[in-house]
Amino acid sequence: MRISLNWLRELVEIKLSPEELAETLTMAGFEVEDIENRNTWANGVVVGKVLERQPHPNADKLSVCQVDIGASEPLNIVCGAPNVKADIYVPVATTGTYLPNIDLKIKPAKLRGVPSQGMICSLKELGLPTDVDGIHIFPQENLSLGSDVRPLLGLDDVILDVTATANRADALCMVGIAREVAALTGGKLSIPTPGATSVLKGAGNLGLKIDDQQACPAYIGTVIEQVKIAPSPDWLQQRLRAAGVRPINNVVDITNYVLWEWGQPLHAFDKDRLQSVTGGEGLTIGVRFAGSGESLKTLDGQTRNLSTQNLLITANNKPVALAGVMGGEETEVHSGTQSLVLEAALFDSVAIRRSSRSVGLRSEASGRYERGVNRAELEIACNRALSLLSELANGVIVQQEIADTRPDASTWSRSIALRLDRVNEVLGPVDLGEDETGEVTEADVERILSALGCQLKSAGEGSWTVTVPPYRYRDLEREIDLIEELARLYGYDNFCDTLPEKSEAGYLSLEQELIRKIRAFFRAEGLTEVIHYSLVKPGNDRQVVLSNPLFVEYSALRTDLISGLIDAFQYNLEQGNGSLNGFDLGRIFWQEEDGLQETDAIAGIMGGVSVAHRRYRSIGKWSKGSSENPMTWFDAKGILESVFEQLNLKVEYQPDCRDERLHPGRTASLWVGGNRLGIFGQLHPQLRQDKGLPDSVYVFQLDLNVLLDALDQDEILVPKFHAYSTYPASDRDIAFFAPVKISVADIEKSINKAAKGLLESVELFDEYRGENVPTGQRSLAFRLIYRSSDRTLTEAEVEPVHNKVREALVEKFGVNLRS
């Protein structure tokens, strides 16, 4: 927000320099982003009077002017402006003047052979916005020639660009900043307090109809007749320009002026246009939400298609403005306006935020309504505007209608208990200088809070009941809020700095280190890490559904990671990027009978060509043939096993068919230490067909907490070195027919148990089903490696152990040995 110091000085006594005031505001939480010193813009520019204007002898578009600036002789100045003429007062930049806004230093020159001793300036050349194409002509008469133009143009001012925090809606106006400056510096306030305006009783035909009183708790509609539209006086235009607002006419400028002065948005309708747009003699101003299919052309010239989220101002039920955002073009004030309907209203912040967002339109008014407009000063702002309309536009107030459903005024402030002990406990010691410390005292508390407009009533020694002023009702709610205000105005830099006695080097927790390792291992296997939103479409009974979603598509929390990966795989195929091999690590949520649950999970998706093919895909098809081998179940399982092997984790696979998205015969649940770790399998053929995916797509999802618990073991976290045996191994193969229902994992477990001691490894190297294999069985072949660390094994030592393995398999599983 742009703050004019000239304007601010009329509201509060200021003894500080602009730089000191900016530092004070910044330290109090109102960051001053820029100090704009306008005094430098026209230093050396004076008032001059054009005595004579003659055409330039050598240029059709130039004029030769004799300009009196109060010197002994008039200046000869060549001017190219079309509006220059004799007997006008103008700003003149004399020789040696530097104009920073156009980066020009005025020097004696010759223009087409005619000497020029200065420059007659336009407002743009002096840094001021204007619609006039030409030099500036002062409207005043009998100005002092040679006097400084800066007071006449409002350039004897300094502008502070102040940023208020989101909770300080009261500080989005000059009065709010003045109150803050008074509290910080002890300056005397001089806030204007307009009295109630008198209403000339006439044949008023205005009525109000508020359909949604929660969205619009108060509305004041005032009819003003005999209005004279004209340019605003210079003082008003200068203040608006300083605030960054373009002056339009006296009526519109007054509504903008009150917005910047009190923070209360106002809107003026042309009453005659309201009547012509709606038809009929009676006029009823209404507030309601838009219906489906309605539209409105706003003041910026754009036609807005409305939704049920848009709060409207209507005239005889026809939309004429977006409430709290922007007025309609059909009913705007224009040069021929003679009667007005002035709107002063309070709107619900949530309703205005949703309405503004739905049409993609924000304004100074909506920005204030979204943060919360002070409901206690609605009448003050309205009366201020009506007073100015009577003074500057000759308006006569003929009717005023009020619809007010605000709670009783006694509830507009609140009382908060404040304890001095708690203040010092939170804020800590005060630095008194010379290595002395102290505390915030009772006098400090009473002085600071009283300066903020609070009323304090003693509730015993070192405690008060603090009554908050209505304009701070929204942000001062608890004791800690008052403590923050005490720290802010006392000065954060006046409190002692307390640092830890000894700084320690940072480190990662065990969980963070393990998660980083897991992610690195999956990336090393060729999987790309992807990130999805936690919000998904609703549709699952176990989903946690949001009560206030931004969009329907993102209105529920995800219950797993696999669904998002499947959608990402499909999207990549549709975009021509090929198969996605990726993983995601994130949080999932679901509902149980005893409440909401959440946990972290890691999931992945793999598809396309086989692992070996992917490793050498940089080789052209001319060298490896045109065919591409699809990824198999074992290729995908090998990626998981490789990660588990690097983590030193023994994971068991058991058949599983509970997830309907996965192939019932190619899905396994993963177990570690007797706990279910997750699931792995191939996508169901029907799902692949529906989404247009290739056959070879595999997914997995692991419970991250179970995985981390399994890794939290000393033998895994602190690996031990095992010496390599220098003696040769002895290998044996064993083949047999086994029932299909018996898993290889169970068989390997039985072999390891029977041959423990000498057995170094066991590996399945062949599986066969078909001719010469009994029905319901399959042929399996394993290679067993026997080795000792201290000797070469003999046949007499290996054979008994191997026979023990054969006997254990026959006894436990009833296999039919083939070798």
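Preceding this paragraph is the structure being described.
Undergrad: Describe the pairing of strand β38 (residues 697-703), and please don't skip the residues or the numbers.
TA: Summarising burial for β38: six of the seven residues are buried, a large majority. Summarising the sheet, strand β34 (residues 595-607) and β38 pair through seven bridges and their orientation is antiparallel. The residue of β38 that forms the bridge with A601 is D703. Bridging between strand β37 (residues 675-683) and β38 involves five bridges; their strand directions are antiparallel. In the strand pairing of β38, Q682 is matched with Y698.

Undergrad: Describe in detail a negative patch on the surface, supporting the description with residues and values.
TA: Among the surface-exposed residues, D431, E434, D435, E436 and D497 lie close enough to one another that they form a single negatively charged patch. Relative to the elements of secondary structure, D431 occurs in strand β25 (residues 430-433).

Undergrad: Give a detailed account of helix α8 (residues 349-359), specifying residues and quantitative values.
TA: Of the residues making up α8, those classed as buried are S349, A351, I352, S355, S356 and V359. Along the long axis of α8, the arc covered by the buried residues comes to 160°, so they all point the same way. The N-cap residue of α8 is D348: its side-chain oxygen and the backbone nitrogen of V350 are 3.3 Å apart. G360 sits one or two residues past α8 and shows a positive phi near 65°.

Undergrad: Explain the sheet that holds strand β23 (residues 396-404) to me, using residue names and the numbers behind them.
TA: Overall, antiparallel pairing links the four strands, which are arranged β15-β22-β14-β23 in an open sheet. Either end of the sheet is taken by a strand with one partner, and the two such strands are β15 (266-270) and β23. Each neighbouring strand pair of the sheet contributes to a mean axis angle of 20°, computed without reference to strand direction. Sheet topology places strand β14 (residues 218-225) next to strand β22 (residues 340-346); seven bridges connect them, and they run antiparallel. Counterpart to G221 in the pairing with β22 is E343. Across the sheet, helix α6 (residues 250-262) lies against β15 and β22, angled at about 165° from β15, the strand it touches most.

Undergrad: Give me the lowdown on the packing of aromatic side chains, citing residues and values where you can.
TA: Centre distance and the angle of the planes are the two values used to describe a pair of aromatic rings. Counted under the stated rule, the structure contains ten aromatic pairs. Seen in terms of ring centroids, W235 and Y257 are 5.7 Å apart; in terms of plane orientation they differ by 85°. Their pairing is edge-to-face. Of the two residues, W235 is situated in helix α5 (residues 234-242) and Y257 in helix α6; the sequence distance between them amounts to 22 residues. Residue classification places W235 among the partly exposed positions, given a relative accessible area of 34%. Relative to F782, the ring of F736 has its centre 5.9 Å away and its plane inclined at 15°; by these criteria the two rings are stacked. Remark: F782 occurs in strand β41 (residues 777-786) and F736 occurs in strand β39 (residues 730-739); sequence separation between them is 46 residues. Cluster of aromatic residues (ring-pair linked, three or more members): W7, W235 and Y257. Between the NZ or CZ atom of R179 and the centre of the ring of Y471, over which it lies, the distance is 3.8 Å. The aromatic ring of Y653 is capped on one face by K637, whose charged end is 4.5 Å from the ring centroid.

Undergrad: Can you tell me about the pattern of salt bridges, naming the residues and giving the values?
TA: All told, the structure shown has 46 salt bridges when counted by the stated rule. Close ionic contact of D170 with R168 constitutes a salt bridge, the shortest N to O distance being 2.9 Å. A salt bridge links R688 to D695; its shortest N-O distance comes to 3.4 Å. On the basis of relative accessible area, D695 is assigned to the exposed category, the value being 56%. The structure contains a network of salt bridges with shared partners spanning R168, D170, E180, R472, D475, E485 and R488.

Undergrad: Help me get a handle on the environment of A323, residues and values and all.
TA: By the element assignment, A323 lies in the loop between β20 (318-322) and β21 (326-327). Separated by 232 residues in sequence, A323 and P91 place their C-alpha atoms 43 Å apart. Setting aside residues no more than four positions away along its own chain, A323 makes contact with L311, L312, I313, F347 and I352.

Undergrad: Now, about the layout of surface pockets: what can you tell me, with residues and values included?
TA: Put simply, the second largest pocket is a space of about 1,200 Å³. Lining the second largest pocket are 36 residues; nearest its centre among them are T559, D560, L561, I562 and S563. A breakdown of the residues in the lining of the second largest pocket according to their chemical character gives 15 nonpolar, nine polar and twelve charged.

Quick notes on the rules
- Throughout this description, residue numbers start from 1 for each chain and increase along the sequence as written.
- Thresholds applied to this predicted model are a pLDDT of at least 70 for local features of residues and 80 or more for the giving and counting of side-chain atom pairs; totals over whole chains, interfaces and linings are not thresholded and use all residues.
- Here the side-chain values reflect all heavy atoms present in the structure, with hydrogen atoms and water set aside.
- A 1.4 Å probe rolled over the protein chains alone gives each residue an accessible area, and that area as a share of the maximum for its type sets the label: buried under 20%, exposed over 50%, partly exposed in between.
- Here a helix means four or more residues in a row that DSSP labels H or I, a strand means two or more in a row labelled E, and each is numbered from the N terminus.
- Any two strands with at least two DSSP bridges between them are considered paired.
- Each patch is built from residues lacking any salt bridge and having more than 30% relative accessible area; the joining distance is 9 Å for like charges and 5 Å for nonpolar side chains (Val, Leu, Ile, Met, Phe, Trp, Tyr).
- The Shrake-Rupley method, run with a 1.4 Å probe sphere, supplies the accessible areas, and residue values consider only the shown protein chains as cover.
- By definition here, a salt bridge exists when the distance from a side-chain nitrogen of Lys or Arg to a carboxyl oxygen of Asp or Glu is within 4 Å.
- Asp and Glu count as negative and Lys and Arg as positive, but His and the ends of the chain are not part of the count.
- Note that the charge is assigned to NZ on lysines, CZ on arginines, CG on aspartates and CD on glutamates.
- Summarising the geometry, the arc corresponds to the directions from the helix axis toward the C-beta atoms.
- As used in this structure description, the phrase polar contact means that two N or O atoms lie within 3.5 Å; if the pair is within protein, one of them must be able to donate a hydrogen and the other to accept it, and residues adjacent in sequence are counted only when both atoms belong to side chains.
- Here the axes come from fitting lines to C-alpha atoms, over the contacting stretch only for helices, and the angles between their N-to-C directions go from 0 to 180 degrees.
- For this analysis, residues touch if any pair of their heavy atoms sits within 4.5 Å.
- Centres within 6.5 Å are what make two rings of Phe, Tyr or Trp a pair, Trp counting through its six-membered ring; a difference in plane orientation under 30 degrees is then read as stacked, over 60 as edge-to-face, and the rest as tilted.
- When the NZ atom of lysine or the CZ atom of arginine is within 6 Å of a ring's centre and also within 35 degrees of its normal, the charge is said to sit over that ring.
- Cavities and pockets were defined on a 1 Å grid built from protein atoms only: a cavity is a group of points that admits a 1.4 Å probe but offers it no way out, a pocket is an open group of points flanked by protein on both sides within 12 Å along at least five of seven lines, and a lining residue is one with an atom within 4 Å of any such point.
- Grid points are joined across faces, edges and corners, and a volume is the space filled by probe spheres set on the points.
- Residues are grouped as follows: Ala, Val, Leu, Ile, Met, Phe, Trp, Tyr, Cys and Pro are nonpolar; Asp, Glu, Lys and Arg are charged; every other residue, Gly included, is polar.

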